[in-house]
Amino acid sequence: MITVNEILNLTLFKKFQILTGKQYLSNTVTTAVILEYESSRIQYAGYCYGYFVLVSYFFASTNPDLVHGTLRNLIQKHVSGIALKILPEENLPEDIVKLAEENHVPILTFYDEFMEDLIININESMKTRAQYVIHEEKLNTILNEKKDFDEVHRIALEINPDFKKKVICASLISKELATNLQVHTYFDSLMYHRSRLDVSNHWTFVKSGYNVVLICSFDDDEIKDLHALSYIKSIMTQNGFLPGAFFIGYTADPVELGNLRESLTKAQIAGLVCKFQNLETLSYKYVGIYKYIISLVHDEILCNEIKEKIAILEDYDAKHEANLIRTLVSYVNNNGDFAATSEECYQHTNTIRYRIKKAEQLLDLEESTADQEISIIIRCYHLIKNGLE
């Protein structure tokens, strides 16, 4: 399944023009067909929403009524889209354009491309998408279900039968606003690059929500000289992924294929922290305290509790203009240094001490562990504020 808009992002469709129906490019396509001039005499019982139909307009000069009748029939069947092969200087009758608008059917125009190549391009893309949806489901099974070593090993080989015995992983998070269309575009590009390589690969890109996971595998003798980040970037570049367009969180220490869940989880944590800290790349070994903080934020019950505590502070600040949260953020960022916090907030040290004590009282924190709890709450606050929950 694919949308008309996603079709326009495929390699062979870059020069297509949108004649009408731009607001309906989200129509879903399940079948792509060519409607030849000779077949335009058929009944249209099979055509419906989901069909993307390629039609040649070149016969309009010899039999305009038949070609225009074909277009009207397709539009009235509410097909998902029509791609019309037409000379650049020719125009469609206004009534057909209006009918397409009324029936929510986008009409695209092209001239140079061969229809058969276009159909192949669409079908390959839909086949690839179906495959990476299956791979994503298998990835989620590994991440979210309690599978033992042998089961994980088996599922991993279902994703890629050519995986070797040791793996490292990378989580690739786009620096742009992530959308389904964008993720599909990555995999369409990947399909294009891989079609030029008639070799088996010991690595695999897998869709993971709006992000991409790269799993790389090695034999024992390949690990000795492995430079994980360089290898990950080289695989990305070879396959049309620009490393600079992503936050890259990765694991540098290979694990057994049956321990893939461990490597995947660590790479995803590193990716989230990499994005949060606005770094180009980050190895899991340098994630620090956030490896624990992210686990709290991902727990629904604990996350809600933290949000409630933050709401208490925000409410107090709104009523009293107290700047408790700003003070706590500075205090945590300065590792509990009162003097540095005082200087950063332009407030006397005693004022800083009063605000922190007030926050402890509002949140009903135990005095013996208040500092640690405030540190955890503020670090979680950072992650939640940046949408990393």
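Look above for the structure.
A brief structural summary.

What counts, and where the lines are drawn
Starting from 1, residues in each chain are numbered consecutively following that chain's sequence as written. Only residues with pLDDT of at least 70 are given local features in this predicted model, and only at 80 or more are side-chain atom pairs given and counted; all residues enter the totals for whole chains, interfaces and linings. Just so you know, side-chain values use all the structure's heavy atoms and leave hydrogens and water out. Whenever Lys or Arg places a side-chain nitrogen within 4 Å of a carboxyl oxygen from Asp or Glu, that contact is recorded as a salt bridge. Helix numbering and strand numbering both begin at the N terminus, where a helix is a DSSP run of H or I of at least 4 residues and a strand a DSSP run of E of at least 2. Working definition: with a 1.4 Å probe on protein chains only, accessible area under 20% of the residue-type maximum means buried, over 50% means exposed, and in between means partly exposed. Pairing between strands is defined by DSSP: at least two bridges between the two strands are required. In this analysis, the expected span of each helix is defined as 1.5 Å times one less than the number of residues it contains. By the convention used here, residues are in contact when the closest approach between their heavy atoms is within 4.5 Å. The axes are straight lines fitted to the C-alpha atoms, using for helices just the contacting stretch, and the angles between their N-to-C directions are given from 0 to 180°. Any angle that is under 35 degrees is reported as roughly parallel, and any over 145 degrees as roughly antiparallel; angles of 65 to 115 degrees are reported as roughly perpendicular and all others as oblique. Basically, the charged four are Asp, Glu, Lys and Arg, the nonpolar ten are Ala, Val, Leu, Ile, Met, Phe, Trp, Tyr, Cys and Pro, and anything else, Gly included, counts as polar. In this context, the arc is that of the directions from the helix axis out to the C-beta atoms. In the analysis that follows, any N or O atom pair within 3.5 Å is treated as a polar contact, provided that within protein one partner can donate a hydrogen and the other can accept it, and provided that, for residues neighboring in sequence, both atoms belong to side chains. Aromatic pairs are defined between Phe, Tyr and Trp rings, using the six-membered ring for Trp, whenever the two ring centres lie within 6.5 Å; interplanar angles under 30 degrees are classed as stacked, those over 60 as edge-to-face, and all others as tilted. Two conditions define a charge located above a ring, namely a distance within 6 Å from the ring centre to NZ of Lys or CZ of Arg, and an angle within 35 degrees of the ring normal.

### Digging into the pattern of salt bridges
Pairs may arise between side chains of opposite charge once their charged atoms sit close together.
Reasoning step 1: Under the defined criterion, the tally for this structure stands at 14 salt bridges.
Reasoning step 2: Taking the shortest distance from any N to any O, the salt bridge between Lys138 and Glu158 comes out at 2.8 Å. Remark: Glu158 occurs in helix α5 (residues 149-159) and Lys138 occurs in helix α4 (residues 115-144); sequence separation between them is 20 residues.
Reasoning step 3: On the basis of relative accessible area, Lys138 is assigned to the partly exposed category, the value being 22%.
Reasoning step 4: Linked through salt bridges whose partners overlap, the residues forming this network are Lys165, Lys166, Asp220 and Glu256.

### Some points on unusual backbone geometry
Reasoning step 1: The residue His104 is not glycine, and still its phi comes out positive at about 60°.
Reasoning step 2: Of note, His104 is situated in the loop between α3 (94-102) and β7 (107-110).
Reasoning step 3: Even without glycine at this site, Glu321 takes up a positive phi of about 50°.
Reasoning step 4: Mapped onto the secondary structure, Glu321 falls in the loop between α11 (300-320) and α12 (324-333).

### Concerning the pairing of strand β11 (residues 246-250)
Reasoning step 1: A large share of β11 lies buried, amounting to 5 of its 5 residues.
Reasoning step 2: Burial along β11 is two-sided: the face carrying Phe246, Ile248 and Tyr250 and the face carrying Phe247 and Gly249 are both buried.
Reasoning step 3: Bridge analysis of β11 against strand β13 (residues 281-283) gives 3 bridges, and the strand direction is parallel. The residue bridging Tyr250 from the neighbouring strand is Ser283, located in β13.

### Some thoughts on helix α15 (residues 370-385)
The periodicity of an α-helix, 3.6 residues per turn, causes residues three or four places apart in sequence to face the same way.
Reasoning step 1: Taking 1.5 Å of rise per residue, the 16 residues of α15 would be expected to cover 22 Å, and the 22 Å separating its terminal C-alpha atoms lies within 8% of that figure.
Reasoning step 2: Among all positions of α15, only Ala370, Ile374, Ser375, Ile377, Ile378, Arg379, Cys380, Tyr381, His382, Leu383 and Ile384 are buried.
Reasoning step 3: Against α9 (260-276), α10 (290-298), α11, α12 and α14 (349-362) lie the buried residues of α15.

### Describing the packing of α12 against α15
Reasoning step 1: Interaxial distance between α12 and α15 falls to 10 Å at its minimum, and their mutual angle equals 105°. Of the possible angle classes, the one that applies to α12 and α15 is roughly perpendicular. For the pair formed by α12 and α15, the contact residues are Ile325, Leu328, Val329, Tyr331, Val332 and Asn333 on the first element and Asp371, Ile374, Ser375, Ile378, Arg379, Tyr381 and His382 on the second.
Reasoning step 2: Split by residue class, the contact of α12 with α15 holds 8 nonpolar, 3 polar and 2 charged.

### A short note on the pairing of strand β10 (residues 211-218)
Reasoning step 1: The element β10 is extensively covered by neighbouring structure, given that 7 of its 8 residues are classed as buried.
Reasoning step 2: Summarising the sheet, strand β8 (residues 166-174) and β10 pair through 7 bridges and their orientation is antiparallel. Bridge pairing in β10 links Leu172 to Val212.
Reasoning step 3: Bridging between strand β9 (residues 203-208) and β10 involves 6 bridges; their strand directions are antiparallel. Opposite Val206, over in β10, you have Val213 as the bridge partner.
Reasoning step 4: Hairpin connection of β9 to β10: 2 residues between the antiparallel strands, including Gly209 at a positive phi of 65°.

### Considering the environment of Asp364
Reasoning step 1: Residue position: Asp364 is located in the loop between α14 and α15.
Reasoning step 2: Overall, Asp364 belongs to the exposed group, its relative accessible area being 69%.

### Describing the environment of Val33
Reasoning step 1: Mapped onto the fold, Val33 is located in strand β4 (residues 31-35).
Reasoning step 2: Sequence spacing of Val33 and Tyr47 is 14 residues, and the spatial spacing of their C-alpha atoms is 9.9 Å.
Reasoning step 3: Not counting the four nearest positions on each side in its chain, Val33 is found in contact with Tyr47, Tyr51, Phe52, Val53, Leu54 and Ile119.

### Quick word on the side chain of Thr341
Reasoning step 1: With respect to the helices, strands and loops of the structure, Thr341 is situated in helix α13 (residues 338-345).
Reasoning step 2: Overall, Thr341 belongs to the buried group, its relative accessible area being 0%.

### Considerations on α13
Reasoning step 1: The complete set of buried residues in α13 reads Thr341, Ser342 and Cys345. Each buried residue of α13 sits inside an arc of 100° when the element is viewed along its axis, so together they form one side. Summarising the geometry of α13, the exposed residues directed more than 90 degrees from the buried face are Ala339 and Glu343.
Reasoning step 2: The N-terminus of α13 is capped by Asp337, whose side-chain oxygen sits 3.0 Å from the backbone nitrogen of Ala339.
Reasoning step 3: Backbone geometry just after α13 places Tyr346 at a positive phi near 55°.

### A closer look at the packing of aromatic side chains
Reasoning step 1: The final tally for this structure, using the stated rule, is 10 aromatic pairs.
Reasoning step 2: Here Tyr47 and Tyr51 contribute two aromatic rings whose centre-to-centre distance is 5.2 Å and whose plane-to-plane angle is 55°, an arrangement assigned as tilted.
Reasoning step 3: For Tyr47, a relative accessible area of 12% gives the class buried.
Reasoning step 4: Here the aromatic rings of Tyr331 and Phe338 are separated by 5.2 Å at their centres, their planes lie at 45°, and the arrangement is tilted.
Reasoning step 5: Aromatic rings pair up to connect Trp203, Phe205, Phe241 and Phe246 into one cluster.
Reasoning step 6: Geometry around Phe247 places Lys175 over its ring, the cationic atom sitting 5.5 Å from the centre.
Reasoning step 7: Lying over the aromatic face of Phe338, Arg353 brings its terminal NZ or CZ to 4.0 Å of the ring centre.

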